[in-house]
Amino acid sequence: MINMTTFLPLALPILLILPGCAASVDDYRNDKPVLELDRFFDGRLVAYGMVQSFSGKVTRRFKADIIGQWQDDRGTLDEQFFFSDGEQQSRCWKLVKQGNSYRGTAGDIVGEALGEAQGNTLNWRYTLQVPVNGKVWDIYLDDWLYLIDENNLINRTKMKKFGLTVGELTLHIRKLSDAETALVEAVEPACNPAEDV
């Protein structure tokens, strides 16, 4: 007979890990509303987010202004980040839609970002170059974007180095209304409008 007092402490960590192993973008195939990047990321958006260390401590907070533009199956995302410590960053994504799959490049991305959308969810994977104490680290990001409604999206990201989670990112992205867009202050774009999308 199995001694439950001994068995439960040993089995519990395994039972908690198993459901996470089965997570797949296919699990969201029937969830609505359907996330299409060329619809949601079209026009002006605003995002608020935080970065947490591997221990869960919030290490950075930020706001981001985003402008999305699409021409057929090619798009750009012009992202301007404003961190609570005063630092500013920008990123210009070049995206290509291929059915339910997406490819993307940006100046601080190693190679290509690859993503797949099903239902209201997109799983987006890429390696980001991150400055850390005067050096540049290649950090692997496993992005999960969940469309809550037609104007709101939640982004949860695990950041890994050598296969170990070194941090997490949580982001709320909201599409701006026409009235809000008219009030947004213009900033220097990260994307060159002369470049092909």
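Here, every reference points to the structure presented above.
Residues numbered from 1 in each chain as written. Predicted model: local features only at pLDDT ≥ 70, side-chain atom pairs only at ≥ 80, totals over all residues. Heavy atoms only, no water.

**Student:** Mind showing me how you'd approach the sheet that holds strand β3 (residues 74-83) here?
**Tutor:** Within the closed barrel, the 10 strands sit side by side as β1-β2-β3-β4-β5-β6-β7-β8-β9-β10. Their pairing is antiparallel. The sheet shows a mean angle of 25° between the axes of neighbouring strands, direction not considered. (Pairing = 2+ DSSP bridges. Helix = DSSP H or I, 4+ residues; strand = E, 2+ residues; numbered from the N terminus. Axes fitted to C-alpha atoms, helices over the stretch in contact; angles between N-to-C directions.)

**Student:** In this structure, what is going on with the nonpolar core? I would like to understand it.
**Tutor:** Residues F41, W93 and I173 are the most contacted members of the largest nonpolar core, which totals 34 residues. Ignoring sequence-local partners within four residues, the contact set of F41 consists of G68, Q69, W70, L77, L145, L153 and I173. (Core = buried A, V, L, I, M, F, W, Y, C linked by side-chain atoms within 4.5 Å. Buried < 20%, exposed > 50% of the residue type's maximum accessible area, 1.4 Å probe, protein only. Contact = heavy atoms within 4.5 Å.)

**Student:** What exactly am I supposed to notice about the state of the cysteines here?
**Tutor:** Following the criterion strictly, the structure yields one disulfide and no others. Linked covalently through their sulfurs, C92 and C191 form a disulfide whose S-S length is 2.1 Å. For the disulfide bridge between C92 and C191, the dihedral angle about the S-S bond is near 115°, and by the sign convention the bridge is right-handed. Residue C92 is located in strand β4 (residues 88-98), and its partner C191 is located in the segment after α3 (178-183); the two are separated by 99 residues in the primary sequence. With respect to class, C92 is no different from C191; both count as buried. (Disulfide = S-S within 2.5 Å.)

**Student:** Any chance you could explain the side chain of Q118 here in plain terms?
**Tutor:** Structurally, Q118 is set in strand β6 (residues 109-118). Separated by 3.2 Å, the side chains of Q118 and E116 make a polar contact. (Polar contact = N/O pair within 3.5 Å; in protein donor to acceptor, adjacent residues only side chain to side chain.)

**Student:** Sorry, what's going on with the pattern of salt bridges here?
**Tutor:** Any two side chains of opposite charge can pair, on the condition that their charged atoms come close. In this structure the tally under the stated criterion is 13 salt bridges. The salt bridge partner of R156 is E168, with a shortest N-O separation of 3.1 Å. With a gap of 12 residues between them, R156 in strand β9 (residues 152-161) and E168 in strand β10 (residues 164-175) connect regions that are remote in the sequence. Given a relative accessible area of 37%, R156 falls into the partly exposed group. For the salt bridge of R174 with E180, the shortest nitrogen-to-oxygen distance reads 3.0 Å. Taken together, the shared-partner salt bridges connect E36, D38, R39 and K97 into one network. (Salt bridge = Lys/Arg side-chain N within 4 Å of Asp/Glu carboxyl O.)

**Student:** How should the packing of aromatic side chains be read in this particular structure?
**Tutor:** Describing an aromatic ring pair means giving the distance of the ring centres and the angle of the ring planes. The final tally for this structure, using the stated rule, is 10 aromatic pairs. Ring centres of W93 and W124 lie 5.7 Å apart, and the angle between their planes is 55°; this geometry places the pair in the tilted category. Of the two residues, W93 sits in strand β4 while W124 sits in strand β7 (residues 121-132), which places them 31 residues apart along the sequence. Residue W93 is classed as buried on the basis of its relative accessible area, which comes to 4%. Using a relative accessible area of 6% as the deciding quantity, one classes W124 as buried. Through a chain of ring-to-ring contacts, three or more aromatic side chains come together here, namely Y28, W144 and Y146. Lying across the ring of F162, K161 places its NZ or CZ 4.7 Å from the centre. One residue, K175, lies across the ring of F40, its end atom 5.9 Å from the ring centre. (Phe/Tyr/Trp six-rings, centres within 6.5 Å; stacked < 30°, edge-to-face > 60°. Lys NZ or Arg CZ within 6 Å of the ring centre and 35° of its normal.)

**Student:** Looking at this structure, how should I read the pairing of β9?
**Tutor:** Each regular strand carries side chains that alternate between the two faces of the sheet. For strand β8 (residues 135-149) and β9, the ladder comprises nine bridges, and the chain directions are antiparallel. Looking across to β9, one finds that L141 is bridged to M159. Between the antiparallel neighbours β8 and β9 lie two residues. Where β9 lies against β10, 10 bridges are found, and the strand directions are antiparallel. Among the inter-strand pairings, L153 is bridged to a residue of β10, identified as I173. The antiparallel hairpin formed by β9 and β10 contains two residues in its connecting segment, where F162 sits at a positive phi of about 55°.

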